[in-house]
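Residue strings, one per chain:
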Amino acid sequence: MTEEEKKQLEASEKESQQRNGGGADEEDDDDEDDDEDDAAAEGGDGAAKKKKKRKKKKKKKKANGGVAVGDVKEPSRKPQFRGLKQTAFTDYYVRYGQTDPPTIPVEDLFGGKEFPKGEIQQYTLESQTYRETSAEVRAMDRLEEDLYKRVRHAAEVHRQVRAYAQSFIKPGIKLADMCHLLENKNRELVVEHGLERGIGFPTGCSLNHVAAHYTPNPGDDTVLKYDDVMKVDFGTQIDGRIIDSAWTVSFNPRYDPLLEAVKEATDTGLRTSGIDVRLVDIGEAIQEVMESYEVELDGKTYPVKAIRNLNGHSIGPYQIHAGKSVPIVKNGCDASTIMEEGEMYAIETFGSTGRGYVIEDLECSHYMKNFDAPHVPLRMQSSKRLLGHINKTFGTLAFCRRWLERDDGGSAFVNGDNGKQTKYMGALKNLCDAGIVQPYPPLCDVNGCYTAQYEHTIMMRPMCKEVVSRGDDY
């Protein structure tokens, strides 16, 4: 991003703050102080009367640690694109006393109070209904409160970051600038701390026929256009517990049926999920809902197809794909595989106006060290250096080339301003060839079609399932 572009973005944020009442509290306090001085100057009864009329100043609440929390307000600003609920507000976080744009770390904002819970759903299998009332199950659930706290913390960061992003996503923005703003806000609100807390994976902003795994590489100046359909997919992690959630952006109302099909299919997947539920049954339910929709584009009607070789997945600590896949079509996996208590899943569905099948294509931007990477002797010193940087900065979390070329190399906490990697492509290829790092190229349907995605993270708690990433937006 050039200096001129940075100035423009900063100016835009300042205008937004002023438009939404930023700095008003300080001005009011100054006015009240002036009134006091005037009253004192008049002396006698006049001063006493003015003091009686004065209203008491509202003291700003302070969270634990002495961080000032702003006034609690009602959200008022709406996103500039389609694909979200009517209840979506880009400044929803002001109801908690957050600034607009958000600047207070979420942990400080809540100051020791409980983080918001996700959407609670009961298990639907008859064999699991006892969980709602069982004292033993309730006790097991309480034992995991520390885990739930971390997951809900990460989920609230995700909600506030995406609300902030929804305030500036509009035609004309460069995707690289969008990712820069979103990711920096993610780092700021979670208080990036190396592998302990930070970004879960690179921001996906795949356009149109590209369904997943695209983020701009350095030098990519792609601009978002009115007729684009963009999938925004990013993650937040605390102690390796990753919140993986995504939504689709469109501006042209002609794509509404496509977005509605995928959103409803994802919600169906969430409702169908549960302990002891077969993954094949979830896939069948998702496909039935999604493929009941069709889209009319330029006078031609296209059926919405579930992309049959894309799936949801289980999530483990520092492992975005933990071994189980949740299909989105009938007979999409082994019929014996079930969901189990204590597991976390990303339930995500993809719909397409094309063939409903993706292939790897275009320039790769996403990479990730294999969770069970073998020990391979490396001859190239550059490969050893790059692997050392990956190990300490990302571990087994996904990363992208843009992060390697930041001054901090992907983590200011770990590297300071001395993390930038240069002339690393040969070393990166060597690590991929050795099976240590896995490349994840963009996944594309047929050129000219449109794809959409919605995704939520869900926990299989002993008592119930909790859609932890659910928000007022989707």
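About the thresholds
Residues numbered from 1 in each chain as written. Predicted model: local features only at pLDDT ≥ 70, side-chain atom pairs only at ≥ 80, totals over all residues. Heavy atoms only, no water. Core = buried A, V, L, I, M, F, W, Y, C linked by side-chain atoms within 4.5 Å. Buried < 20%, exposed > 50% of the residue type's maximum accessible area, 1.4 Å probe, protein only. Contact = heavy atoms within 4.5 Å. Helix = DSSP H or I, 4+ residues; strand = E, 2+ residues; numbered from the N terminus. Expected span 1.5 Å × (residues − 1). Pairing = 2+ DSSP bridges. Polar contact = N/O pair within 3.5 Å; in protein donor to acceptor, adjacent residues only side chain to side chain.

A. Layout of the nonpolar core. Grouped together as the largest cluster of nonpolar side chains are 95 residues, with contacts concentrated most on Ile-169, Met-230 and Trp-247. If sequence neighbours within four positions are ignored, Met-230 has contacts with Ile-169, Leu-175, Met-178, Cys-205, Ser-206, Leu-207, Leu-224, Trp-247, Thr-248 and Val-249. One finds Leu-378, Leu-387, Phe-394 and Phe-399 within the second-largest nonpolar core, a separate group that totals 19 residues.

B. Examining helix H9 (residues 279–290) more closely. For H9, with 12 residues, the first-to-last C-alpha span of 17 Å sits near the 16 Å given by 1.5 Å per residue. Looking at H9, one finds that the buried residues are Leu-279, Val-280, Ile-282, Gly-283, Ala-285, Ile-286, Val-289 and Met-290. Turning to H9, the residues buried within the fold contact helix H8 (256–272), strand E8 (305–306), strand E10 (325–326) and strand E11 (344–352).

C. Layout of the sheet that holds strand E12 (residues 359–360). As summarised here, the arrangement of the three strands in space is E3-E16-E12, forming an open sheet in which the pairing is antiparallel. At either end of the open sheet lies a strand with only one pairing partner, and these are strand E3 (210–212) and E12. Here E3 pairs with strand E16 (residues 443–444) via two bridges, running antiparallel. Each residue of the ladder has a partner; that of Val-210, found in E16, is Cys-444.

D. The environment of Ala-452, seen in detail. Along the chain, Ala-452 falls in strand E17 (residues 451–460). Among the residues examined, Ala-452 registers a relative accessible area of 0% and is labelled buried. Sequence separation between Ala-452 and Ser-206 is 246 residues, and the spatial gap between their C-alpha atoms is 9.4 Å. Setting aside its immediate chain neighbours within four residues, Ala-452 contacts Lys-231, Thr-248, Leu-258, Leu-259, Val-262, Thr-349, Phe-350 and Gly-351.

E. The side chain of Arg-402, seen in detail. Its place among the elements puts Arg-402 in helix H11 (residues 401–404). Since its relative accessible area comes to 13%, Arg-402 is described here as buried. Within the local environment of Arg-402, its side chain forms a polar contact with the side chain of Glu-183, the two groups lying 2.9 Å apart. In this structure, Arg-402 is in contact with Cys-179, Glu-183, Thr-215, Pro-216, Asn-217 and Pro-218, ignoring residues within four places of it in sequence.

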